[in-house]
2 protein chains.
Amino acid sequence: MTGLIRNIDETTRSPVQMEGVVGASMAVMVGRADGAPHFSIRQFQVEPGGHTPRHQHDYEHEVYIVSGIGTILLNGEENAIRGGDVIYVPANHEHQFRAAGGGDSLRFLCAVPVEQNCGGPVPGS
Amino acid sequence: MTGLIRNIDETTRSPVQMEGVVGASMAVMVGRADGAPHFSIRQFQVEPGGHTPRHQHDYEHEVYIVSGIGTILLNGEENAIRGGDVIYVPANHEHQFRAAGGGDSLRFLCAVPVEQNCGGPVPGS
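A. Structural context of the overall build of chain A. When you go through chain A residue by residue, the secondary structure sums to zero helices and ten strands. Reading chain A from its N end, one meets helices and strands in the order β-β-β-β-β-β-β-β-β-β. Relative to the 2.2 N^0.38 estimate, which gives 14 Å for 125 residues, the radius of gyration of chain A is 14 Å and therefore close to what a compact globule would have. A principal-axis box enclosing the C-alpha atoms of chain A has dimensions of 45 × 35 × 25 Å. The buried share among the 125 residues of chain A stands at 53%. Considering only intrachain contacts with a sequence separation of at least 6, the fraction spanning at least 24 residues in chain A is 64%. When the accessible surface of chain A is summed, it comes to about 5,300 Å², and 48% of that surface belongs to carbon and sulfur atoms. For chain A, the distance from the average site of its 8 positive side-chain charges to the average site of its 14 negative ones is 3 Å.

Structure below.
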């Protein structure tokens, strides 16, 4: 196993194809394929006015907002988010990221465990 | 357990007091105290010319460089690092972060598992 360095601006993202997603793309920055034993880091970009799905799952997210502004549905309400925010979404908590319209894209890193609590790999890890 | 949002610019860092550290401070952004079950995210700031210890341990790092420039000792050599870099330091790999002299501080996020592979909590998680 070897250490690695990858820049988020030099990594190709793919469209996120899930129901309820509008204008989002992602790339795994460090993940299972790199031998990451416990958790993965993925980068996401949500175009202005776009959003991730409103959903929940049995594993947590730990997120860092790189740039842009928007909102996150968390704790049952919409919360403003901006660059520099670290966000903890506990397991089984409903959440959704939205990029503000008309501005820059919302860019963030989203870390997840590689294994679901109920077993099996976390999708996109 | 509740979701949380904390900005890295509004969180108080404490000096890192370890042998081999010069000019580094850190704050846990999401960690064990917040109920994080698998991994923690800490923020570090290394002053120009400062560095973290040259060391290794039995757990991995997954790092995001927020801003600044410097180098990381990884894979047995010094590698340039800059904002936007994601770095994977596998377990038991020697590493050290250095901030370039005379410029801005090097700011980064460093995620670690909450448990060491040999057992017991990861320090600063």
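B. Focus on the relation of the copies chain A and chain B. Its rotation angle being 180 degrees, the transformation that places chain A on chain B also includes 0.0 Å of axial translation and leaves an RMSD of 0.0 Å. In the structure described here, the two chain copies are related by an operation that fits a two-fold rotation axis. Both copies present the same face, since 100% of the interface residues in chain A are matched by interface residues at the equivalent positions in chain B.

C. Expanded view of the packing of aromatic side chains. All told, the structure shown has six aromatic pairs over all chains when counted by the stated rule. Look at Tyr-64 of chain A and Tyr-64 of chain B: their rings are 5.7 Å apart centre to centre, the planes differ by 45 degrees, and that puts the pair in the tilted class. Residue Tyr-64 of chain A is found in strand β5 (residues 61-67), and its partner Tyr-64 of chain B is found in strand β5 (residues 61-67); the two belong to separate chains. The burial state of Tyr-64 of chain A is the same as that of Tyr-64 of chain B; both residues are buried. Three or more aromatic residues joined by ring pairs make a cluster, and in this case those are Phe-44, Phe-97 and Phe-108 of chain A.

D. Structural context of the pattern of salt bridges. All names here are of chain B. Going through the model one piece at a time under the given rule, you end up with ten salt bridges over all chains. For Arg-32, the salt bridge is made with Glu-115, and the minimal N-O distance between the two is 3.6 Å. With Arg-32 in the loop between β3 (22-30) and β4 (39-51) and Glu-115 in the segment after β10 (106-113), this residue pair connects regions lying 83 residues apart in the sequence. Of the charged contacts, one joins Glu-94 and Arg-54 as a salt bridge, the two residues approaching to 3.1 Å between their closest N and O atoms. Note that Glu-94 is positioned in the loop between β8 (85-89) and β9 (96-99) and Arg-54 in the loop between β4 and β5, a separation of 40 residues in sequence. On the basis of relative accessible area, Glu-94 is assigned to the partly exposed category, the value being 34%.

E. How the structure looks around the interface of chain A and chain B. Of the residues lining the interface, 42 residues belong to chain A; the matching set on chain B comes to 43 residues. Across the interface of chain A and chain B, roughly 3,400 Å² is buried in total on both sides, 60% from carbon and sulfur atoms. Per-residue buried area on chain A facing chain B is highest for Phe-39, Val-86 and Tyr-88 of chain A; these three make up 21% of the total on that side. Run the count over chain A and chain B and you get two salt bridges. Those elements giving two or more residues to the side of chain A that touches chain B turn out to be β1 (4-7), β3 (22-30), β4 (39-51), β5, β6 (69-74), β7 (77-82), β8 (85-89) and β10 (106-113) of chain A. Note: β1 of chain A against β8 of chain B, four bridges, orientation antiparallel. Within the sheet, the bridge partner assigned to Asn-7 of chain A lies in β8 of chain B and is Asp-85 of chain B.

F. Geometry of the pairing of β3 of chain B. Residues and elements named next belong to chain B. Note that strand β2 (residues 14-15) and β3 share two bridges and pair antiparallel. Counted as the bridge partner of Pro-15 is Ser-25 from β3. The hairpin formed by β2 and β3 contains six residues between the paired strands, and Gly-20 there has a positive phi angle of roughly 90 degrees. As paired elements, β3 and β4 share seven bridges and run antiparallel to each other. Bridge assignment links Val-28 to a residue of β4, and that residue is Arg-42.

G. Quick peek at the side chain of Arg-42 of chain A. Along the chain, Arg-42 of chain A falls in strand β4. Nearest to the buried, unbridged Arg-42 of chain A among oppositely charged side chains is Glu-62 of chain B, at 9.1 Å. A polar contact is formed between the side chain of Arg-42 of chain A and the backbone oxygen of Gly-124 of chain A, at a distance of 3.2 Å. With near-sequence residues (within four places) excluded, Arg-42 of chain A lies in contact with Met-26, Ala-27, Val-28, Met-29, His-61, Phe-108, Leu-109, Cys-110, Val-112, Pro-123, Gly-124 and Ser-125 of chain A.

H. A look at the environment of Val-22 of chain B. Residue placement: Val-22 of chain B occurs in strand β3. Separated by 18 residues in sequence, Val-22 of chain B and Leu-4 of chain B place their C-alpha atoms 31 Å apart.

Here is what the cut-offs are and how they apply
- Residue positions within a chain follow its written sequence, with the count starting from 1.
- Labels follow written order: the first chain is A, the first ligand is 1, and so on.
- Only residues with pLDDT of at least 70 are given local features in this predicted model, and only at 80 or more are side-chain atom pairs given and counted; all residues enter the totals for whole chains, interfaces and linings.
- Side-chain metrics rest on all non-hydrogen atoms present in the structure, leaving aside hydrogens and water.
- Going along the chain from the N terminus, every DSSP run of H or I of four or more residues is numbered as a helix, and every run of E of two or more is numbered as a strand.
- Taken over C-alpha atoms, the radius of gyration is set against a globule rule of 2.2 Å times the number of residues to the power 0.38.
- Exposure categories follow from relative accessible area, calculated using a 1.4 Å probe and restricted to protein chains: below 20% of the type maximum is buried, above 50% is exposed, and the middle band is partly exposed.
- By definition in these notes, contact holds between two residues if any of their heavy atoms fall within 4.5 Å.
- Each accessible area is a Shrake-Rupley result for a 1.4 Å probe, and residues are judged covered by the shown protein chains and nothing else.
- Positive charges come from Lys and Arg alone, negative charges from Asp and Glu alone, with His and the N- and C-terminal ends not counted.
- Charge positions are represented by NZ for Lys, CZ for Arg, CG for Asp and CD for Glu.
- Least-squares superposition aligns the copies on the C-alpha atoms of those residues with pLDDT at or above 70 in both.
- When the centres of two rings from Phe, Tyr and Trp lie within 6.5 Å, Trp using its six-membered ring, the rings pair. Their planes under 30 degrees apart give stacked, over 60 give edge-to-face, and anything left gives tilted.
- A side-chain nitrogen of Lys or Arg and a carboxyl oxygen of Asp or Glu constitute a salt bridge if their distance falls within 4 Å.
- Once two parts are put together, the accessible area they lose, assessed with a 1.4 Å probe and summed over both, is termed the buried area.
- Note: two strands are recorded as paired if DSSP finds a minimum of 2 bridges between them.
- Polar contacts here mean pairs of N or O atoms no more than 3.5 Å apart (in protein, one a potential hydrogen donor and the other a potential acceptor; neighbouring residues in sequence count only if both atoms are side-chain atoms).

Distances and angles like these do not, on their own, reveal function.
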